[in-house]
Structures are given as structure tokens and as C-alpha cells.
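Observations on the three-dimensional arrangement
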Amino acid sequence: MSTDLRCAVLDDYQGVALGLADWSAVRATSFREHFTSTDELVAAIHDREIVVAMRERTPFPAEVFDRLPHLRLLVTTGMSNAAIDLEAARAHGVTVCGTGGGWTSTVELTWALILGVARHLVSEATALRSGGPWQHTLGTDLHGRTLGLLGLGRIGSKVAAVGRALGMDVSAWSQNLTRARAEEVGARPAGSLDDLLAGSDVVSVHLVLGDRTRGLVGARELALMKPTAYLVNTARAAIVDQSALASALREKRIAGAGLDVFDEEPLPAGHEFRTLPNVLATPHLGYVSELNYATFFRDAVDDIGTFLDGRPIRLLT
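Residues numbered from 1 in each chain as written. Predicted model: local features only at pLDDT ≥ 70, side-chain atom pairs only at ≥ 80, totals over all residues. Heavy atoms only, no water.

**What about the packing of helix α4 (residues 104–118) against helix α6 (residues 154–165)?**
Inclusion rule: Note on geometry: axes are lines fitted to C-alpha atoms, helical ones only across the stretch in contact, with angles between N-to-C directions running from 0 to 180 degrees. Each helix is a run of H or I in the DSSP string that is no shorter than four residues. Each strand is a run of E no shorter than two, and both are numbered from the N terminus. Convention used here: angles under 35 degrees read as roughly parallel, angles over 145 as roughly antiparallel, angles from 65 to 115 as roughly perpendicular, and any remaining angle as oblique. By definition, any crossing whose near helix is turned counterclockwise from its far helix by less than a right angle is left-handed, and any crossing with a clockwise turn is right-handed. Contacts between residues were defined by any pair of non-hydrogen atoms, one from each residue, lying within 4.5 Å. Three categories are distinguished: nonpolar for Ala, Val, Leu, Ile, Met, Phe, Trp, Tyr, Cys and Pro, charged for Asp, Glu, Lys and Arg, and polar for the others, with Gly belonging to the last.
Where α4 meets α6, the axes come as close as 9 Å, and the angle between the chain directions of the two elements is 45°. As summarised for this structure, α4 and α6 are arranged oblique, according to the angle between their axes. Of the two elements, α4 crosses α6, and the hand of that crossing is right-handed. Across the interface between the two elements, T106, V107, T110 and W111 from α4 touch I155, K158, V159, V162 and G163 from α6. Residues of the contact of α4 with α6, tallied by class, amount to 5 nonpolar, 3 polar and 1 charged.

Written as C-alpha cells, this is what we have:
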């Protein structure tokens, strides 16, 4: 049954949210543009009782809750969101719910980046389309090389499986990784972070961002990598010092990087990660897939319905 409650769906870049679920219970509006300031955000949604946020694209600190007096329900896609001040939400009487979602799409994108940067696919495809040289790069073979994984959870372990299928030697490291866990998924535990970085031909990041992992890979650590090695990050940008990484890429102290996550998103127009020739960068596409989005928005509608019935589900606390 429809109500007069107004719902804002934020950061719907592709304009698909309203077509992936039945929003008839509310008056829903989709915003495709990203609001770059709190003033812009508040001006657009100040009268909305319900907001659906796409992951961490738009932060909700205490200041935002202070300025949204009508807000009653905030739904975030996924079951965690570090950009939402949950304490402030509670203080303002705002219920915060999450949704389901998959993670295999991030595994797939990780390999798209690894293969793309190792075989120079963008450069070669661009040259072909623009009448440039027919073959002008020499690709890196992955078979027989070492894939080093920072993190061996559900994503890292699946990335490891693909690496093994391609004939790579898979090494892994994290603060709590045990030999038993590494061997369970067919990986070789590295003795230390330094050992993994120094011995890998491809380093792929699959750690959760926290106090122990923020800035984990800095200038010293990047200097340990082979000049022929690639770094791929589909986890969180802050795990790798972005300034140090840019410097290493600019000076070609590593061969290249495949990046899907950045300190500031959307990435500013003039940022060098957009133009460095040895960077393959994508706009945080890890979770952006048809099946994920269908789950996100159908669960969001489900969250709204149960909230209106007085029995909210998937509560974030």
C-alpha cells in the first residue's frame, strides 16, 4: 500500500535503481548526480523521510543528520557502511538498515584489472580503434609467476583459485593468517609482508580497512616490490599510501597498477591516476554488477516495507 512518504535514492549513477524493484510503497526519486557538498545534499533531500544510500558514496556524519529533521529511515546497500555515523543516527531517531549483496563481482573485477594491466589491453585497444600502431607493447606472462595476496578471506581465496588455475604460484599474508588457512585454499603463507612484496610479480589487496591496515603499504613497502611487478587494489584505497603509490608509478619503480578504489571518489578530473600510462583505473566497479544491484534495491524496498510495518529488519547497530 502506497504512502505519502518521500524517498531519495542517492548516487544512482546508471539511473537503474527505480527499475530494479517495486517502489510503489513510497514516492521515490532517484538522484544520478553525486552531491559534492553537504549543502547540496541537504538542499536536495531536506524534506525526505527515507533515504537509500549506495555504499559509502555519500557520507552521513552527525552534521548531515542535524540538518535532516524529517529523516526517519536510512538504508545503505550492503551490511556495513563506515561513512554513516550510527551513533548520530540513533540520537536523531533514525533507523539504519542494510541489504544483502554479493562479493564475487569483486573477484571478477580483480582479475579483469590484473589481466588488463599485464597485457596492456587498454593501450592496445585504444591504438587499434584510433589507427595507431598494430601491436606496440609486450605483455607480461602470468603462468609460472607469483601472485601475492594481502588478505585471504572470501574474496582473496577466490582470487587465489583463479591464480592457481592460470598456473601461478600463490603466496598470501595478513596479520592473522595461519598456515592451515593458507594451505586450505592452496596458497603459500609468506613469512612477512616484506617477503610477500619482494617476492611477488602481482600484488593484490584484499584486506579490510582498519587501524592496523590503514597505510600498511607505504613508500618503504613499495620500494621492496620488483620493478617488473604490478599492484592491484580493489579493496580500500587507504590501505596503500596513495601519494607513495603515485610516486612509484610516476618514476616507474614498479611496472604498473590496476586501481578500482581511491581516497576521493569520484576521482578529481585532474588526478594523475587518470592519466599515468602505467595505471589501469576503474571507477569503483567492484560491486557494480547486475545481480548485486538487483539485490541491493530489492532488499532496500523490503527494508522500507518492514519499517513501515513497524518491524524493521537488517538493522545496523
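**Let's talk about the packing of aromatic side chains**
Here is the rule: The rule is short: rings of Phe, Tyr and Trp, with Trp giving its six-membered ring, pair when the centres are within 6.5 Å, and they are stacked under 30 degrees, edge-to-face over 60, tilted in between. For every residue, the accessible area obtained with a 1.4 Å probe (protein chains only) is divided by the maximum for its type, and the residue is called buried under 20%, exposed over 50%, and partly exposed between those limits. Working rule: Lys NZ or Arg CZ, within 6 Å of ring centre, within 35 degrees of ring normal, means a charge sits over the ring.
Enumeration over the complete set of coordinates arrives at 7 aromatic pairs. Between Y293 and F296, the aromatic rings sit 5.9 Å apart at their centres with planes inclined by 40°, giving tilted as the arrangement. Of this pair, Y293 and F296 are both found in helix α11 (residues 290–308), 3 residues apart, which corresponds to roughly one turn of the helix. Per residue, the accessibility class of Y293 equals that of F296, and both read buried. Geometrically, the ring pair formed by Y293 and F297 is edge-to-face, given 5.7 Å between the ring centres and 85° between the ring planes. Residue Y293 and its partner F297 are both found in helix α11; the two are separated by 4 residues, about one turn of the helix. For Y293, a relative accessible area of 4% puts it in the buried group. A connected cluster of aromatic rings, assembled from ring pairs, spans W23, Y287, Y293, F296 and F297. A cation over an aromatic ring shows up here: R55 above the ring of Y287, its NZ or CZ 4.4 Å from the ring centre.

**Let's talk about the sheet that holds strand β6 (residues 146–150)**
Heads up, the condition is: For two strands to be treated as a pair, DSSP must find no fewer than two bridges joining them.
Ordered in space as β8-β7-β6-β9-β10-β11-β12, the 7 strands form an open sheet in which the pairing is parallel. Strands at the two margins of the open sheet, each flanked by one partner only, are β8 (188–189) and β12 (279–281). Bridge count between strand β11 (residues 256–259) and β12: 3 bridges; the pairing is parallel. Bridging from a neighbouring strand, G258 pairs with L280 of β12. Across the sheet, α6 is in contact with β6 and β7 (169–173); its angle to β6 comes to roughly 175°.

**Details of a nonpolar patch on the surface**
The following threshold applies: By definition, no residue in a patch forms a salt bridge, and every one has over 30% relative accessible area; like charges are joined within 9 Å, nonpolar side chains (Val, Leu, Ile, Met, Phe, Trp, Tyr) within 5 Å. The Shrake-Rupley method, run with a 1.4 Å probe sphere, supplies the accessible areas, and residue values consider only the shown protein chains as cover. Here, a salt bridge means any side-chain nitrogen of Lys or Arg that lies within 4 Å of a carboxyl oxygen of Asp or Glu.
Together, L115, V162 and L166 line one region of the surface with nonpolar side chains, adding up to about 200 Å² of accessible area. With relative accessibility at 35%, the residue L166 sits in the partly exposed group.

**A closer look at the environment of C7**
Locating C7 in the fold gives a position in strand β1 (residues 6–9). Along the primary structure C7 and I45 are separated by 38 residues, whereas in three dimensions their C-alpha atoms are 8.6 Å apart. With residues near it in sequence (within four places) discarded, C7 still touches W23, V26, R27, A28, T29, R48, I50, V52 and I304.

**Looking at the pairing of strand β3 (residues 50–53)**
Along a regular strand, successive side chains alternate from one face of the sheet to the other. Neither face of β3 is left uncovered, since the one carrying I50 and V52 and the one carrying V51 and A53 both have all their residues buried. Sheet analysis places β1 next to β3, joined by 3 bridges and oriented parallel. Bridging across to β3, A8 finds its partner in V51.

**A few points about the UniProt feature "domain: D-isomer specific 2-hydroxyacid dehydrogenase catalytic" (unreviewed entry) in the chain**
Selection criterion: UniProt positions are given in the numbering used here, feature names are shortened, and annotations may be inferred rather than shown by experiment.
Within this numbering scheme, the UniProt entry marks residues 33–312 as carrying the feature "domain: D-isomer specific 2-hydroxyacid dehydrogenase catalytic" (unreviewed entry). Counting secondary structure, residues 33–312 comes out at 36% helix and 14% strand; the distance between its end C-alpha atoms is 29 Å.

**Notes on unusual backbone geometry**
Of note, the bond from E265 into P266 is cis; its omega dihedral lies within 30 degrees of zero at -5°. Mapping P266 onto the fold places it in the loop between β11 and β12.

**Some words on the sheet that holds strand β4 (residues 73–76)**
Strand order in the open sheet made by the 5 strands is β2-β1-β3-β4-β5, with parallel pairing throughout. Sheet topology places β2 (27–30) and β5 (95–97) at the edges, where each strand pairs with a single neighbour. Strand after strand, the sheet turns through a mean of 15° between neighbouring axes, direction not considered. Docked against the sheet, α11 engages β1, β3, β4 and β5, running at close to 155° with respect to β4.

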